[in-house]
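Architecture at a glance
Given next are the chains, with one letter for each unit.
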Amino acid sequence: FKLTMPQAVAQEAWVIWEDFLDLMQWIFDPDKDSPPASSGLFLGVLEHFGEVPYTGLLHLEPKPGYLENVMTDIDRAVATRCLPPGQGQSMAGRLLHIDGTYEGRAGRGQIVALREHIAAGVPELDAKTIAALKFHLLLGALKPFRKVDLLLGRRRRICIYSDASCEPVPNEEFPRVVVSY
């Protein structure tokens, strides 16, 4: 369970929650149990609530070290031009997880090339997959992490991502990504 509450009542809410768990006789993993904080790890995503009272924005990013480990694995695959299908499947899942922390889920379209590589069943990377992996390296360097607006009524403009495309460009290393919103 994840509880969110105003900081002013966090300690009292925690005591009530603990009493409720005792009443229900529910037992949770004590290693995952943590008292209220302005930041917390939930399903591998670090959620920062500290600015919510001031800006209304919740900041999301991958747990510490996760992005760096994935980028190291991508660097290795691009340098060797090799990614066995099993490792490719793992990488696709990890990239999909990271993509959930990016604004507009910007990397999702590039995972298609990796899925095609996995389906081909060969370890050697083709130019299309290498370009897609390089795109993920660029995203990882930019770190365009999501900011979730919890006070929608205060915003002058809200962007809704409705469609996106990713197409190879002849004689270019990186594909063209167009986002419609």
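Residues numbered from 1 in each chain as written. Predicted model: local features only at pLDDT ≥ 70, side-chain atom pairs only at ≥ 80, totals over all residues. Heavy atoms only, no water.

**Concerning the sheet that holds strand E2 (residues 45-48)**
Ordered by their spatial adjacency, 4 strands build an open sheet running E1-E2-E3-E4, and the pairing between neighbours is antiparallel. Each end of this open sheet is capped by a strand with a single partner; those strands are strand E1 (39-42) and strand E4 (147-149). Strand-to-strand twist across the sheet, computed as the mean angle between neighbouring axes with direction ignored, equals 25 degrees. In this structure, strand E3 (residues 57-62) lies alongside E4, joined through 3 bridges in antiparallel fashion. If you follow Leu58 over to E4, its bridge partner there is Val148. (Pairing = 2+ DSSP bridges. Helix = DSSP H or I, 4+ residues; strand = E, 2+ residues; numbered from the N terminus. Axes fitted to C-alpha atoms, helices over the stretch in contact; angles between N-to-C directions.)

**Description of a nonpolar patch on the surface**
A surface patch of nonpolar side chains, amounting to about 500 Å² of accessible area, comprises Phe20, Leu23, Met24, Trp26 and Phe28. Take Met24: it is sitting in helix H1 (residues 10-24). The partly exposed category is assigned to Met24, whose relative accessible area is 38%. (Patch = residues over 30% accessible without salt bridge, like charges linked within 9 Å, V, L, I, M, F, W, Y side chains within 5 Å. Areas by Shrake-Rupley, 256 points an atom, 1.4 Å probe, with all protein chains shown as cover. Salt bridge = Lys/Arg side-chain N within 4 Å of Asp/Glu carboxyl O. Buried < 20%, exposed > 50% of the residue type's maximum accessible area, 1.4 Å probe, protein only.)

**As for unusual backbone geometry**
Despite not being glycine, Arg81 has its phi angle at roughly 55 degrees, a positive value. One can find Arg81 in the loop between helix H3 (66-80) and helix H4 (85-99). Of note, Arg105 is a non-glycine position whose phi angle comes to about 50 degrees, a positive value. With respect to the helices and strands, Arg105 occurs in the loop between H4 and helix H5 (111-120).

**A word on the pattern of salt bridges**
Under the criterion given, the structure shown has 4 salt bridges. We note a salt bridge from Asp73 to Arg76, for which the minimum N-O separation is 3.0 Å. Taken together, the residues Asp73 and Arg76, both in helix H3 and 3 residues apart, mark about one turn of the helix. Each member of the salt-bridge network shares a partner with another, and the members are Asp73, Arg76 and Arg94.

**Let's talk about the pairing of E3**
The two faces of the sheet receive side chains in turn, since in a regular strand these alternate between them. E3 sits mainly inside the fold: 5 of its 6 residues count as buried. For E2 and E3, the ladder comprises 4 bridges, and the chain directions are antiparallel. Across the sheet, Val45 pairs through a bridge with Pro62, a residue of E3.

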